[in-house]
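Okay, here's what each chain looks like letter by letter:
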Amino acid sequence: MTSPTTQSETLFAHAQALMPGGVSSPVRAFKSVGGVPRFIDRGEGAYLVDADGNRMIDYVMSFGPLLLGHAPEAVTRAIADQAARGTSFGAPSPLESDLAEHIRSVYPSMERLRFVNSGTEGAMSAVRAARAFTRRDKVVKFDGHYHGHADLLLAKAGSGVATLGLPDSPGVPAAVTADTLVVPFNDPAALRAVFEAEGERIAAVLVEPIAGNMGMVRPAEGFLAFLREITEAHGALLVFDEVMVGFRVHPGGAQALFGVTPDVTILGKVIGGGLPVGAYGGRADVMEMMAPSGPVYQAGTLSGNPLAMAAGLALFREANATGAWRLAADAARDTAAAIQSAADAAGVPVQTTSEGAMFGFFLNANPVMDYASAATSDREAFARLHGLLLDRGVYLPPSPFEACFTSSAHTPDVVAEAAEAFRSAFAAL
Ligand SMILES: *Cc1c(COP(=O)(O)O)cnc(C)c1O
């Protein structure tokens with residue numbers, strides 16, 4: 001029951017001659033699962049249709065943005081209407097305030113915010129704001145947490161206690177990550193040690209409040225509250241990177257879910273309704289540091305882009321009107337349960353997690369709570385499972401260390417269809 005991939009193979013060969021690895025973003029190349037990446041012809045609700053005509057239930061949802069599924073009518077109409085009125089002005093438009101107001105109504109900690117074009121840009125700018133505000137240089141991040149590909153955040157460092165950040169990528173000078181301190185997630189003692197040693201030099205702690213870029217890993221009970229306390233005690237800012245979890249784990253994001261208020265929040269993905277966007281925002285006194293209110297420079301030719309603003313607004317209006325978050329959350333919970341029961345029936349050890357409209361699973365006999373434990377998962381079995389599922393019409397992220405995403409288009413019927421594929425794939429594993 002292998003699905004045809006002739007068209008994808010031809011398209012991939014063509015793309016590889018033109019672009020590094022044939023892709024515009026590395027994970028898309030299927031390196032960790034093998035096989036040919038599916039070239040996508042179109043998306044329809046919960047489904048992707050590839051160039052060979054294979055129809056697959058999509059649990060990637062563009063890695064998070066598509067809370068309403070592919071091509072929801074309300075969003076495509078808003079984009080078309082706005083396109084007819086102009087795609088970029090290089091001047092303010094009321095759409096920016098409309099979207100900012102909506103975001104602030106559910107993220108009250110974002111007293112002021114600014115739109116950028118990607119999560120990467122949001123994280124980079126949030127760090128600049130935090131450094132300027134605190135007049136300190138050092139930034140703490142967690143091993144395995146991803147905050148986009150800005151130089152200073154491309155460090156996740158080695159094992160053990162605090163490691164001085166060493167760059168993960170050639171092309172990132174060690175000097176640029178020298179002020180990036182990396183500690184294991186969910187390890188209060190390691191963080192305490194870093195603050196004891198460097199406390200007055202730390203501008204900010206950046207955290208994915210639920211990690212989603214090393215697979216999905218929850219914060220330990222009380223860990224986020226501990227981050228709030230220790231940053232406050234040392235005059236550092238707490239920055240929640242909610243680019244992935246925002247509007248997914250809870251309609252008000254991780255900060256509403258856990259009741260912990262950061263100083264600065266980074267958003268992206270869902271807020272652009274499937275168009276390129278990012279935002280950062282937080283305490284007014286921090287954000288007023290940014291030009292033209294303050295001296296810290298940050299700008300963007302296409303920032304606050306009217307198409308992206310219109311798409312984000314349309315997504316939120318439609319989501320509120322249709323109870324989309326609840327539907328997507330039910331689908332995530334039921335899919336995670338289906339994976340658990342398929343794996344149990346096949347005797348395959350698995351750890352599943354879901355929260356709101358995202359879920360994750362590790363092929364691992366032990367609980368996962370940080371990068372080191374995530375890394376002990378069975379990558380080779382995941383690669384085989386991924387291929388077995390593609391042949392059964394289910395498209396999972398092509399890496400064992402990515403979270404999975406649902407949408408309101410993942411109806412109970414779609415999830416039941418996926419559950420059957422999981423049963424059959426785990427049995428064949
Ligand atoms: C996706 C992601 C980013 C980067 O966003 P881009 O739009 O891809 O630049 C940053 N942080 C987190 C937590 C993400 O999941």
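Keep in mind that what you see is a predicted model, and the values were worked out from it rather than measured.

Parameters and conventions
Residues numbered from 1 in each chain as written. Predicted model: local features only at pLDDT ≥ 70, side-chain atom pairs only at ≥ 80, totals over all residues. Heavy atoms only, no water. Helix = DSSP H or I, 4+ residues; strand = E, 2+ residues; numbered from the N terminus. Rg over C-alpha atoms; globule rule 2.2 N^0.38 Å. Buried < 20%, exposed > 50% of the residue type's maximum accessible area, 1.4 Å probe, protein only. Areas by Shrake-Rupley, 256 points an atom, 1.4 Å probe, with all protein chains shown as cover. Lys, Arg positive; Asp, Glu negative; His and termini not counted. Charge placed at Lys NZ, Arg CZ, Asp CG, Glu CD. Core = buried A, V, L, I, M, F, W, Y, C linked by side-chain atoms within 4.5 Å. Contact = heavy atoms within 4.5 Å. Pairing = 2+ DSSP bridges. Near = heavy atom within 4 Å. Polar contact = N/O pair within 3.5 Å; in protein donor to acceptor, adjacent residues only side chain to side chain. Nonpolar A, V, L, I, M, F, W, Y, C, P; charged D, E, K, R; others polar. Phe/Tyr/Trp six-rings, centres within 6.5 Å; stacked < 30°, edge-to-face > 60°.

**Observations regarding the overall build of the protein**
No. 1: Scanning the protein for helices and strands turns up 14 helices and 15 strands.
No. 2: The globule rule puts the C-alpha radius of gyration for 429 residues at 22 Å, and the 21 Å found for the protein is close to it.
No. 3: For the C-alpha atoms alone, the extent of the protein along its principal axes is close to 60 × 55 × 45 Å.
No. 4: Scored against the burial criterion, the 429 residues of the protein give a buried share of 56%.
No. 5: Carbon and sulfur atoms form 54% of the exposed surface of the protein, whose accessible area is close to 17,200 Å².
No. 6: Taken together, the 31 basic and 44 acidic charged side chains of the protein have centroids lying 3 Å from each other.

**Quick look at the nonpolar core**
No. 1: Counting residues in hydrophobic clusters, the biggest one holds 40 residues, and the most contacted among them are Tyr-59, Leu-396, Phe-422 and Phe-426.
No. 2: For this core, the secondary structure elements donating two or more residues are strand 2 (47-50), strand 3 (55-58), helix 11 (324-346), strand 13 (358-362), helix 13 (379-391), strand 14 (394-395) and helix 14 (412-428).
No. 3: Contacts of Phe-426, omitting those with residues within four sequence positions, involve Ile-339, Ala-342, Ala-343, Ala-346, Val-348, Leu-363 and Leu-385.
No. 4: Among the nonpolar cores identified, the runner-up in size contains 30 residues, and Leu-68, Val-75, Ala-100 and Ala-357 belong to it.

**Considerations on the sheet that holds strand 2**
No. 1: The strand order across the open sheet formed by four strands is 1-2-3-14, and the pairing between neighbours is mixed. Unpaired on one side and paired on the other, strand 1 (40-44) and strand 14 mark the two borders of the sheet.
No. 2: In this sheet, strand 2 lies alongside strand 1 in antiparallel orientation, the contact comprising four bridges. Its bridge partner lying in strand 2, Arg-42 is registered against Val-49.

**Remarks on the site of the ligand**
No. 1: Taken together, Ser-118, Gly-119, Thr-120, Tyr-146, His-147, Gly-148, Glu-208, Asn-213, Asp-241, Val-243, Met-244 and Lys-269 make up the full set of residues near the ligand.
No. 2: The backbone of Tyr-146 places a nitrogen or oxygen atom 3.2 Å from a nitrogen atom of the ligand.
No. 3: In this structure, an oxygen atom belonging to the ligand sits 3.1 Å away from a side-chain N or O atom of Asn-213.
No. 4: When the free accessible area of the ligand is taken as 380 Å², the share hidden by the protein chains comes to 83%.
No. 5: In terms of residue class, the shell around the ligand is made up of three nonpolar, six polar and three charged.

**What about the side chain of His-102?**
No. 1: Relative to the helices and strands, His-102 resides in helix 3 (residues 94-106).
No. 2: Using a relative accessible area of 18% as the deciding quantity, one classes His-102 as buried.
No. 3: When residues no more than four places from it in sequence are discounted, the contact partners of His-102 are Phe-316 and Asn-320.

**Considering the sheet that holds strand 15 (residues 404-405)**
No. 1: Ordered by their spatial adjacency, three strands build an open sheet running 12-13-15, and the pairing between neighbours is antiparallel. Each having just a single partner strand, strand 12 (351-355) and strand 15 make up the two edges of the open sheet.

**Considering the packing of aromatic side chains**
No. 1: Under the criterion given, the structure shown has eleven aromatic pairs.
No. 2: Centroid distance Phe-142 to Phe-185: 5.8 Å. Interplanar angle 65°. Geometry classified as edge-to-face. A residue pair is termed long-range when its members are at least 10 positions apart, and Phe-142 in strand 5 (residues 138-142) and Phe-185 in the loop between strand 7 (180-183) and helix 6 (188-198) qualify at 43 residues. The exposure classification of Phe-142 matches that of Phe-185, with both residues buried.
No. 3: Seen in terms of ring centroids, Phe-142 and Phe-223 are 5.7 Å apart; in terms of plane orientation they differ by 70°. Their pairing is edge-to-face. You can see Phe-142 sitting in strand 5 and its partner Phe-223 sitting in helix 7 (residues 223-233), a full 81 residues away along the chain.

**So, unusual backbone geometry**
With the exception of glycine, most residues fall at negative phi, and the peptide bonds are largely trans.
No. 1: Residues Ala-291 and Pro-292 are joined by a peptide bond in cis, for which omega reads 5°.
No. 2: Position of Pro-292 relative to the elements: it lies in the loop between helix 9 (284-287) and helix 10 (306-322).
No. 3: Despite not being glycine, Lys-269 shows a phi value in the positive range, around 40°.
No. 4: For Lys-269, the position within the fold is in the loop between strand 10 (264-268) and strand 11 (278-282).

**Notes on the environment of His-234**
No. 1: Counting through the fold element by element, His-234 comes out in the loop between helix 7 and strand 9 (237-241).
No. 2: A residue is classified by how much of its surface remains accessible, and His-234, at 28% relative accessible area, is partly exposed.
No. 3: Through-space distance from the C-alpha of His-234 to that of Arg-283 is 17 Å; in sequence the pair is 49 residues apart.
No. 4: The contact partners of His-234, leaving out residues within four places of it in the chain, are Arg-136, Phe-195 and Gly-199.
No. 5: In terms of polar contacts, His-234 uses its side chain to reach the backbone carbonyl oxygen of Ile-230, at 3.0 Å.

**Here's the deal with the environment of Ala-337**
No. 1: Counting through the fold element by element, Ala-337 comes out in helix 11.
No. 2: With a relative accessible area of 44%, Ala-337 lands in the partly exposed category.
No. 3: Taking the C-alpha atoms as reference points, Ala-337 and Val-277, separated by 60 residues in sequence, lie 32 Å from one another.

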